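# Fold and contact review
If you want the building blocks of each chain, they are given just below.
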Amino acid sequence: MARIRSVKPEYWADQDLAEQVSRDARLLYIGLWNLADEHSRLRGDPRYIKGQLFPYDDDLTPDAIAMLLGSLTLAGKVVQYRTPAGTFIYLPKLANHQRLEPDKVPTKLPGPDDESSVLLKPQSENDTVSSARRSDEFARHLDESSLLYGTGSMEHVSPSSATPTDEDNAALFATPDPEHTEPQPDLTPSSAPKKSWTNEQIDTDPHWVAFWEAYPRKTDKGHARKAWLKALRNGATPEGLTHAALQFRNHPKTPRDIKYVPHPTTWLNGERFNDFLELAEAAPAGPRPWWEN
């Protein structure tokens, strides 16, 4: 049963939340308030949430709802957990903004701290994209096989080629000979930004370390990593991003009060580095920058 909830004006000005999740995720978060009971719990099946909150939005699928829930989970706004009774959601911040009465109204839903509850780890966007890409490649392989042998017919395939031989199976599962294997280049997040990388792997990339050291404000590193990779996927070079960050740091119009310096995530997502790439070839000259004085 949906419930009446209030939205404070400050919600729309929450810069931290806006930099962590998308507009659709912030709208979904408000909808979850209406579905949550007095104990901040609700059913977590994306199909149920889609039907309750977005029944007329055909472009918003349950899979898309699951991705948005994942981003809200990473932002600390949602806790997803599974029990023998199904999947559920707990909103840990709801009581901070709504007047709840858990003592007066009992809940029928299990809690995240129950013995039978298992917390669910959100799937990252890169993992989802990688999984979808593997599915597409598998489907394409099936299509190519259909074109080669014909669909629903085996009249062009000889019995000997239709049935794998022992030699075929041996070749399929044979271990590659290291002496005849082509060497693979060492990949890094900066050289292959379209691959999936862990935070630990990104933190060991010298280009990311150089950018993080160059940018004047060290805030929200987790989302800054993602924004950095996104900029590289869109065509920026790691050297260019670092040089642009240095030029921005040294620019006379850069705010001296650190709290007015944009978050690195905002700076990267807004492609503001393009404003400083033309200056990147020349080394900064003049007095010491203000943050070193």
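Predicted model, so just to flag it, every value in this text is computed and none were measured.

Broken down by element type, the chain carries 13 helices and 4 strands. Within the chain, buried positions represent 32% of all 293 residues. Excluding contacts between residues fewer than 6 apart, the proportion of contacts in the chain whose partners are at least 24 apart in sequence is 67%.

This part is about the sheet that holds strand E2 (residues 79-83). Hydrogen bonds between backbone atoms are what pair the strands of a sheet, whose relative direction is either parallel or antiparallel. Overall, antiparallel pairing links the 4 strands, which are arranged E1-E3-E2-E4 in an open sheet. Edge strands, defined here as strands with exactly one partner in the open sheet, are strand E1 (41-43) and strand E4 (118-119). By the bridge criterion, 5 bridges tie E2 to strand E3 (residues 86-90) in an arrangement that is antiparallel. Looking at the pairing, Arg 82 lines up with Thr 87 of E3.

A separate point is helix H10 (residues 206-214). Considered for burial, the residues of H10 that qualify are Trp 208, Phe 211, Trp 212 and Ala 214. Around the axis of H10, the buried residues are gathered within 165° of arc, so they sit on the same side. When the buried face of H10 is taken as reference, the exposed residues oriented beyond 90 degrees from it are Pro 206 and Glu 213. Buried residues along H10 sit in contact with helix H9 (199-203), helix H11 (221-233), helix H12 (238-250) and helix H13 (264-269).

Position of Gly 51 among the secondary structure elements: in helix H3 (residues 46-53). Note: C-alpha distance between Gly 51 and Thr 61 (10 residues apart in sequence) is 9.8 Å.

On to the pattern of salt bridges, then. Taken as a whole and assessed by the stated rule, the structure comprises 5 salt bridges. Notably, a salt bridge pairs Glu 38 with Arg 5, separated by 3.6 Å at the nearest N-O pair. Of this pair, Glu 38 sits in the loop between helix H2 (23-35) and E1 while Arg 5 sits in the segment before helix H1 (15-20); the two residues are 33 residues apart in sequence, bridging distant segments of the chain. Pair check on accessibility: Glu 38 and Arg 5 agree, each one buried. Here Glu 101 makes a salt bridge to Lys 104, at a shortest N to O gap of 3.7 Å. Residue class for Lys 104 comes out exposed when judged on its relative accessible area of 65%. Where salt bridges share partners, they join Asp 203, Lys 221 and Arg 225 into one cluster.

Our next topic: the packing of H3 against helix H4 (residues 62-74). One can describe the packing of H3 onto H4 by two numbers: an axis separation of 8 Å at closest approach and a directional angle of 100°. Between H3 and H4, the crossing angle belongs to the class labelled roughly perpendicular. Together, Pro 46, Arg 47, Ile 49 and Lys 50 of H3 and Pro 62, Ile 65, Ala 66 and Leu 69 of H4 make up the contact between the two elements.

Core analysis: the largest hydrophobic core is formed by 26 residues, its most contacted members being Leu 28, Leu 32, Ile 49, Leu 72 and Leu 91. Contributing elements (two or more residues each) for this core: H2, H3 and H4. Among the elements that take part in this core, H2 stands out by supplying 7 residues, more than any other. Leaving out residues up to four positions away in the same chain, Leu 32 has contacts with Leu 42, Ile 49, Leu 53, Leu 69, Leu 72, Val 78 and Leu 91. Of all hydrophobic cores here, the second largest spans 24 residues; its members include Trp 208, Leu 229, Ala 244 and Phe 273.

Rules used throughout
- Here the residue numbering is sequential within each chain, running from 1 through the sequence in written order.
- Residue-level local features of this predicted model are given only where pLDDT is at least 70; pairs of side-chain atoms are given and counted only at 80 or more, and the full residue set underlies all totals for whole chains, interfaces and linings.
- To get the side-chain values, all heavy atoms of the structure are used, and hydrogens and water are removed first.
- Under the DSSP-based scheme used, a helix requires at least four consecutive residues in state H or I and a strand at least two consecutive residues in state E, with every element numbered from the N terminus.
- Categorising residues by exposure relies on relative accessible area from a 1.4 Å probe, with only protein chains included: less than 20% of the type maximum marks a residue as buried, more than 50% marks it as exposed, and the intermediate range marks it as partly exposed.
- When checking whether two residues touch, look at their non-hydrogen atoms; a contact exists if any pair is within 4.5 Å.
- A strand pair is defined by DSSP finding two or more bridges across the two strands.
- In this description, one arc is meant: the one made by directions from the helix axis to the C-beta atoms.
- By definition, a salt bridge exists where a carboxyl oxygen of Asp or Glu is found within 4 Å of a side-chain nitrogen of Lys or Arg.
- Here, axes are lines fitted to C-alpha atoms. For helices the fit covers the stretch in contact, and angles between N-to-C directions go from 0 to 180 degrees.
- In what follows, roughly perpendicular refers to angles from 65 to 115 degrees, roughly parallel to angles under 35, roughly antiparallel to angles over 145, and oblique to any angle outside these ranges.
- By nonpolar core we mean a set of buried residues, namely Ala, Val, Leu, Ile, Met, Phe, Trp, Tyr and Cys, connected to one another through side-chain atoms within 4.5 Å.

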